[in-house]
Amino acid sequence: MAIARADWTEVFSAAELATRGKAVVKPGGRQILLWRSGDAIYACNNRCPHEGYPLAEGTLADGCVLTCNWHNWKFDLASGETIVGGDALRRYPVKTDGDAILLDLADPPAVEVRARALAGLEEALADHDYERMAREMARFEATGADLPDALDAAFGWAADRYEFGMTHAQAAARDWLALRASLPIDAAADRLVPVLEIIGHLSWDARGERDRFPFAGGRADVFDGAALEDAIEREDEAIAVGLVRAAIEDRELVPLRRSLERVALRHYQGFGHPPIYVEKTFALLAVLGPVATEALLFPLVRNFCMGAREDLIPEFRAYAPALQSWDPSGTDVPDPSAVRGAGVSQCLDLIAAGGGQVGNLYDTVLFAAADAMLHYDARFRAHVDKPVQQNVDWLDFTHAITHLNSARKICARQPDLWSNALLQSGCFLGRNAAFVDWDQDVAQWTVDDPGEFFDAIFDGLLDHGEPLYIYSAHTLKLATAIREEVDRDPGAAWVPVLLAALNRFVHEPPKKKHARRVAHQALSFVRAQG
């Protein structure tokens with residue numbers, strides 16, 4: 001362990017401090033508070049670690065308990081313990097030499113400061129103390145460490161706190177880090193924001209959980225992809241985690257990824273989240289390296305085991321037969337206009353007929369998804385007296401696009417999954433068809449300068465003002481997906497429609513709370529129960 005070299009510096013007169021009781025000294029530009037209590041002399045930072053107010057204006061009681069009178073934080077100057085509040089107060093070793101008071105101004109080793117910052121971060125995560133998370137990460141970075149280096153601790157803290165596994169807190173992390181990487185090195189405050197959004201989201205999603213949910217501790221003898229797919233299909237988390245652990249320890253991440261991609265697209269499930277989650281997870285691991293592997297992959301597998309199977313409900317039962325009737329040599333690719341207003345079964349039939357032209361079919365489906373989103377009937381966002389099946393808002397439409405974007409990347413590696421991906425997109429299109437208004441005027445949402453448009457969106461995400469992480473995360477992942485699609489094929493026919501849909505979305509954000517709707521539907525539900 002590194003040991004800091006002492007740096008004893010004369011700062012004040014012992015006799016004068018005995019007369020005054022306290023004093024603020026400024027060696028080397030620091031503000032340090034000296035306080036005399038009986039025969040003891042204490043030295044600490046004058047700025048309260050909470051919000052920086054001067055502790056010299058505080059109150060000393062019980063000999064060594066210092067209170068900051070702004071927010072009543074209390075510190076034991078003898079032990080260094082924070083009695084009320086969160087952050088630790090830095091103290092300085094004190095000695096006297098005749099009438100001279102000397103302080104050891106040597107900074108503690110960086111590794112020690114980082115460890116304290118990470119310990120403080122865990123406390124802040126447990127309390128969802130957003131401001132303290134920011135302070136601890138600023139302290140961590142001040143040691144010369146890179147902020148993303150702290151994320152493995154945050155992911156580890158969150159890993160077994162979610163009963164249903166991975167959420168957008170982990171899945172959005174890669175896009176937040178990509179946004180951070182695009183910022184100038186000297187934009188320190190802006191570069192802190194994406195990391196803060198990741199760890200804040202992790203903390204928020206754990207707040208409603210009463211317990212921790214440990215993962216099974218065993219491992220399989222060897223990794224077997226088919227066995228993993230079968231275990232997840234049977235919702236056997238213990239077997240699945242054991243196989244994932246074997247893959248991690250034996251460095252079989254490539255075949256593991258392949259199996260998880262197949263699981264993600266096997267069914268129309270989890271409202272389209274699985275391909276997004278698996279794609280974002282491995283993209284994140286490529287940035288963070290192996291340190292967070294278990295902390296990310298175990299919650300991902302839990303999410304897959306716990307996910308809902310929408311293809312088993314009546315609305316989407318046509319999915320499995322359409323998958324069976326997929327024509328890999330079919331060339332009848334529909335025009336996007338043919339999909340407008342089509343229900344689930346009709347959409348699936350139209351898509352299945354073009355199975356031999358997946359590139360053109362992808363363009364049609366993406367165009368249709370963008371077209372539907374652009375024409376979303378916002379009256380459904382405002383209704384209060386409709387059944388729960390009509391609780392349809394922007395996210396129902398955004399998922400069709402982000403699902404497609406992630407599925408395209410997976411299918412580039414595993415082309416045999418195109419049928420699953422495109423037919424699942426058809427489920428989105430058919431279901432959303434009842435919630436659009438094709439007659440509305442959408443000309444106002446036209447985007448003239450895509451580069452300027454994206455710059456404004458991503459800059460806005462650095463100070464979005466959205467209290468619910470799920471909405472800023474969805475805006476980020478949607479804008480990221482659309483920018484990737486536009487960059488990939490800037491001349492495609494669907495580009496103007498896709499940009500206009502995003503433009504409308506960011507200017508007509510979802511309604512976040514539906515008090516009357518919830519009350520109405522609760523009463524209707526109870527009456528129907530009899």
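For the structure, check the block above.
Here's what I pulled together on the structure shown here. (Residues numbered from 1 in each chain as written. Predicted model: local features only at pLDDT ≥ 70, side-chain atom pairs only at ≥ 80, totals over all residues. Heavy atoms only, no water.)

## Digging into the overall build of the protein
Item 1. Along the protein, the regular secondary structure elements total 23 helices and ten strands.
Item 2. On the principal axes, the C-alpha backbone points of the protein span a range of 95 × 60 × 55 Å.
Item 3. The burial tally for the protein puts 53% of its 530 residues in the buried class.
Item 4. Summed over all atoms, the accessible surface of the protein reaches about 23,700 Å², with 51% contributed by carbon and sulfur. (Helix = DSSP H or I, 4+ residues; strand = E, 2+ residues; numbered from the N terminus. Buried < 20%, exposed > 50% of the residue type's maximum accessible area, 1.4 Å probe, protein only. Areas by Shrake-Rupley, 256 points an atom, 1.4 Å probe, with all protein chains shown as cover.)

## Here we look at the packing of helix 11 (residues 273–288) against helix 12 (residues 293–306)
Item 1. Contact geometry of helix 11 with helix 12 gives a least axis separation of 11 Å together with a crossing angle of 175°. Classed by the angle they form, the pair helix 11 and helix 12 counts as roughly antiparallel. From helix 11, Pro274, Tyr277, Val278, Thr281, Phe282, Leu284 and Leu285 reach across to helix 12, where they touch Thr293, Leu296, Leu297, Leu300, Asn303 and Phe304.
Item 2. Class assignment for the residues of the contact of helix 11 with helix 12 results in ten nonpolar, three polar and no charged. (Axes fitted to C-alpha atoms, helices over the stretch in contact; angles between N-to-C directions. Parallel < 35°, antiparallel > 145°, perpendicular 65-115°, else oblique. Contact = heavy atoms within 4.5 Å. Nonpolar A, V, L, I, M, F, W, Y, C, P; charged D, E, K, R; others polar.)

## A short note on the pairing of strand 9 (residues 94–97)
Item 1. Bridge analysis of strand 9 against strand 10 (residues 100–104) gives four bridges, and the strand direction is antiparallel. Bridging from a neighbouring strand, Val94 pairs with Leu103 of strand 10.
Item 2. Hairpin connection, strand 9 to strand 10: the antiparallel pair is bridged by two residues, and Gly98 has positive phi, about 70°. (Pairing = 2+ DSSP bridges.)

## Thoughts on the side chain of Thr281
Item 1. Within the secondary structure layout, Thr281 lies in helix 11.
Item 2. The exposure class of Thr281 is buried, given its relative accessible area of 3%.
Item 3. For Thr281, the residues in contact, after removing those within four places along its chain, are Met166, Leu296, Leu297 and Leu300.

## Considerations on the sheet that holds strand 4 (residues 40–45)
Item 1. One open sheet holds the three strands; their spatial order is 2-3-4, and the pairing between them is antiparallel. Since the sheet does not close on itself, it has two edges, and those belong to strand 2 (22–25) and strand 4, each with one partner. Here the average twist between neighbouring strands, direction ignored, is 20°.
Item 2. Inspection of the sheet shows strand 3 (residues 32–37) paired to strand 4 by six bridges, in the antiparallel sense. Paired with Ile32 across the bridge in strand 4 is Asn45.

## So, the pattern of salt bridges
Item 1. By the definition in use, this model includes 38 salt bridges.
Item 2. Of the charged contacts in the structure, one is a salt bridge between Arg340 and Asp371, with a shortest N-O distance of 2.7 Å. Of the two residues, Arg340 sits in the loop between helix 14 (336–339) and helix 15 (344–352) while Asp371 sits in helix 16 (residues 358–374), which places them 31 residues apart along the sequence.
Item 3. On the basis of relative accessible area, Arg340 is assigned to the partly exposed category, the value being 38%.
Item 4. Using a relative accessible area of 7% as the deciding quantity, one classes Asp371 as buried.
Item 5. As a salt-bridge pair, Arg431 and Asp396 come within 2.5 Å of each other at their nearest N and O atoms. Residue Arg431 is found in helix 19 (residues 418–432), and its partner Asp396 is found in helix 18 (residues 394–413); the two are separated by 35 residues along the sequence.
Item 6. Here Asp396 falls in the buried class, since its relative accessible area comes to 10%.
Item 7. A single salt-bridge network, built from bridges that share partners, covers Asp87, Glu123, Arg132, Arg135, Glu136 and Arg139. (Salt bridge = Lys/Arg side-chain N within 4 Å of Asp/Glu carboxyl O.)

## A few points about the nonpolar core
Considering soluble globular proteins, one finds that nonpolar side chains tend to be buried as a cluster.
Item 1. One finds Phe155 and Leu260 to be the most contacted residues of the largest nonpolar core, which totals 138 residues.
Item 2. The element contributing the most residues to this core is helix 16, with ten residues.
Item 3. Leu260 has contacts with Leu228, Ile232, Val278, Phe282, Leu297, Leu300, Val301 and Phe304, leaving out every residue within four places of it along the chain.
Item 4. Judged by nonpolar contacts, the second largest core, of 15 residues, contains Cys44, Ala56, Cys64 and Trp73. (Core = buried A, V, L, I, M, F, W, Y, C linked by side-chain atoms within 4.5 Å.)

## Points about the packing of aromatic side chains
Item 1. Within the structure shown, the criterion is met by 15 aromatic pairs.
Item 2. With a centroid separation of 4.9 Å and an interplanar angle of 80°, the aromatic rings of Phe380 and Phe435 are classed as edge-to-face. Remark: Phe435 occurs in the loop between helix 19 and helix 20 (450–461) and Phe380 occurs in helix 17 (residues 379–382); sequence separation between them is 55 residues.
Item 3. When its relative accessible area of 15% is taken as the criterion, Phe380 is described as buried.
Item 4. According to the relative accessible area criterion, Phe435 is buried, its value standing at 8%.
Item 5. Pairing Phe453 with Phe454 gives two aromatic rings, centres 5.6 Å apart and planes at 50°, and the pair type is tilted.
Item 6. Judged by relative accessible area, Phe453 falls into the buried class, the value being 12%.
Item 7. A relative accessible area of 5% places Phe454 in the buried class.
Item 8. Connected via pairs of aromatic rings, a cluster forms that spans Tyr268, Phe271, Phe316 and Phe428.
Item 9. Here Lys95 stacks its cationic end above the ring of Trp8, 4.4 Å away from the centre of that ring.
Item 10. Above the plane of the ring of Tyr471 lies Lys512, whose end atom (NZ or CZ) is 4.7 Å from the centre. (Phe/Tyr/Trp six-rings, centres within 6.5 Å; stacked < 30°, edge-to-face > 60°. Lys NZ or Arg CZ within 6 Å of the ring centre and 35° of its normal.)

## What about the state of the cysteines?
Item 1. Within this structure, the stated rule accounts for zero disulfides.
Item 2. Of the cysteine sulfurs around Cys68, a residue in no disulfide, the closest is that of Cys48, at 4.0 Å.
Item 3. For the unlinked cysteine Cys427, the closest cysteine sulfur is that of Cys347, found at 9.0 Å. (Disulfide = S-S within 2.5 Å.)

## Observations concerning the packing of helix 8 (residues 225–233) against helix 10 (residues 253–266)
Item 1. For the pair helix 8 and helix 10, interaxial distance at closest approach is 9 Å and the crossing angle is 35°. Handedness of the crossing formed by helix 8 with helix 10: right-handed. Between helix 8 and helix 10, the residues in contact are Gly225, Leu228, Glu229, Ile232 and Glu233 and Leu256, Ser259, Leu260, Arg262, Val263 and Arg266, respectively.
Item 2. In terms of residue class, the contact of helix 8 with helix 10 is made up of five nonpolar, two polar and four charged. (Left-handed = near helix turned anticlockwise from the far one by under 90°.)

## Some thoughts on helix 16
Each α-helix winds once per 3.6 residues, and so residues spaced three or four apart point in a common direction.
Item 1. In a regular helix each residue adds 1.5 Å, so 17 residues correspond to 24 Å; helix 16 covers 24 Å between its end C-alpha atoms and thus fits that length.
Item 2. Most of helix 16 sits inside the fold, with twelve of its 17 residues counted as buried.
Item 3. Listed in full, the buried residues belonging to helix 16 are Leu361, Tyr362, Thr364, Val365, Leu366, Ala368, Ala369, Ala370, Asp371, Ala372, Met373 and Leu374.
Item 4. The inward-facing, buried residues of helix 16 abut helix 14, helix 15, helix 18, helix 19, helix 21 (469–488) and helix 22 (495–507). (Expected span 1.5 Å × (residues − 1).)

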